[in-house]
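Residue strings, one per chain:
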Amino acid sequence: MKPFLAFLLGLAFTASPGRAQSMPQFERRTVALPSQPYNIEAGDFDGDGDVDLATVNQRGNTLSVLRNDGTGTFAVTETLEGFTRPEALTAGDFDGDGDLDLGVANAGANTATLVVNDGQGRFTPGAAISVGNSPHAIVSADLDGDGDLDWAVSNFGGATVSLLMNDGHGGFTLTATAPAGAGTERPIVDDFDGDGDLDLAVPSFSAATLNILTNDGHGGFAGTAALPLGNRQHIPAAGDFDGDGDVDLMLTSTATGEVMVLDNADGSFSHVASIVLSDTPWAGIAGDFDGDGDEDVAVAEYAGHRVTILDNDGDGQFTKTTVADVGQQPHQIVAADFDGDGDLDLATANDAENSVTILLNQ
């Protein structure tokens, strides 16, 4: 009986490879900023091979650059002034010179600003382009298929998305404005319908819908669906959560405390499950945080001052696992390998204190 028992125990420990890693633990570090950060973006801004951070600081009307020493230790190296209630930023090589620039949405001026990198991680604000009313989010992607990065700007007060096409050298032109529901939040950009171009999924804070804008392949967008999902929607996450080969969505709602799982079927989404979190889930980011091969989701809980990991079983079923304390009122979250050890770490912009929290995955 003893050998047989040992055999059964061996099966029990080997039947679910990767599951032993399903509760990641994090080492917390805090980086002081000169002002309260509202949003955060990650990228190798100085070209040294590790991932740095940049924040927009709404109350200070500034942008801060946080340089990484390669071990996940950050220091503020530059703070730029001259913005007007900056609420969001995006990173990409917008002028085609091989380094990462920034785009900033100025909610107080109804503009988006190109911030140019000199290749060493030093930035200079450039031209401001007029967009819609109170731009609250900005994302970058090749929307028209010409090989350079364009911008989609969500106008919270205008119920629209401004589409700005890039000439390849950082010259942006407003080409269209797409309706997207009152209180437009940060879009997700991906090929939802599998036709080879990039579409937009735009949450609505006030209209209580998720708006799917389909791309015609040339950067022209049309609304194809508005899913009624409840109000106070915030920042979504995207990933193939159920392993069927298409891009699903996860959407937060601070009104209900739900993190809603939306299954994709040929570009049509359906609400299939909800995970309830107690303290205003605000922003989500997808990634394999436990190293088991599927996409989990990390959620910043604004009123709870913490990050909660939702562990994916590989079929799109999620379980709350790790909870990590961060700074006061985390408004945005990003994921990258900050310490170079091969797993995904996290960083939050803490809206109610002058800090960024770094969570190094152990």
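Colleague: Now, about the sheet that holds strand β1 (residues 26–32): what can you tell me, with residues and values included?
Modeller: Hydrogen bonds along the backbone pair up the strands of a sheet, which may run parallel or antiparallel. Strand order across the open sheet formed by four strands is β1-β28-β27-β26, with antiparallel pairing between neighbours. In the strand order of this sheet, the two ends are held by β1 and β26 (330–336), each with one partner. Strand-to-strand twist across the sheet, computed as the mean angle between neighbouring axes with direction ignored, equals 20 degrees. Bridging between β1 and strand β28 (residues 355–361) involves seven bridges; their strand directions are antiparallel. Within β28, the residue paired with F26 across the bridge is N361.

Colleague: Can you tell me about empty space enclosed by the protein, naming the residues and giving the values?
Modeller: This structure, assessed with the given rule, holds one cavity of 30 Å³ or more. Lining the largest cavity are N39, A88, H136, A137, E185, R186, I235, H331 and Q332. Those elements that place two or more of their residues in the lining of the largest cavity are β10 (135–141) and β26.

Colleague: Residues and numbers for the packing of aromatic side chains, please.
Modeller: Tallied over the full model, the rule gives nine aromatic pairs. Summarising the aromatic geometry, the rings of F45 and F123 are spaced 5.7 Å apart at their centres and angled 80 degrees between planes, so their arrangement reads as edge-to-face. Taken together, the residues span a long stretch of sequence, with F45 in the loop between β2 (39–43) and β3 (52–57) and F123 in strand β9 (residues 123–130) at a distance of 78 residues. Of the two residues examined, F45 and F123, each falls in the buried class. On the basis of an interplanar angle of 85 degrees and a centroid distance of 5.5 Å, the ring pair of F94 and W151 is categorised as edge-to-face. Of this pair, F94 sits in the loop between β6 (86–92) and β7 (101–106) while W151 is found in strand β11 (residues 150–155), placing the two residues 57 residues apart along the sequence. Across the pair, exposure class does not vary: F94 and W151 are buried alike.

Colleague: Can you explain the environment of V65? Please cite residues and give values.
Modeller: Mapped onto the elements, V65 comes out in strand β4 (residues 62–68). Along the primary structure V65 and S253 are separated by 188 residues, whereas in three dimensions their C-alpha atoms are 30 Å apart. The residues touching V65, leaving out its near neighbours within four places in the chain, are L53, A54, A75, V76, T77, E78, G121 and F123.

Rules used in this analysis
Residues numbered from 1 in each chain as written. Predicted model: local features only at pLDDT ≥ 70, side-chain atom pairs only at ≥ 80, totals over all residues. Heavy atoms only, no water. Pairing = 2+ DSSP bridges. Helix = DSSP H or I, 4+ residues; strand = E, 2+ residues; numbered from the N terminus. Axes fitted to C-alpha atoms, helices over the stretch in contact; angles between N-to-C directions. 1 Å grid on protein atoms, 1.4 Å probe; cavity = no way out; pocket = protein on both sides within 12 Å on 5 of 7 lines; lining within 4 Å. Points joined across faces, edges and corners; volume = space filled by probe spheres on them. Phe/Tyr/Trp six-rings, centres within 6.5 Å; stacked < 30°, edge-to-face > 60°. Buried < 20%, exposed > 50% of the residue type's maximum accessible area, 1.4 Å probe, protein only. Contact = heavy atoms within 4.5 Å.

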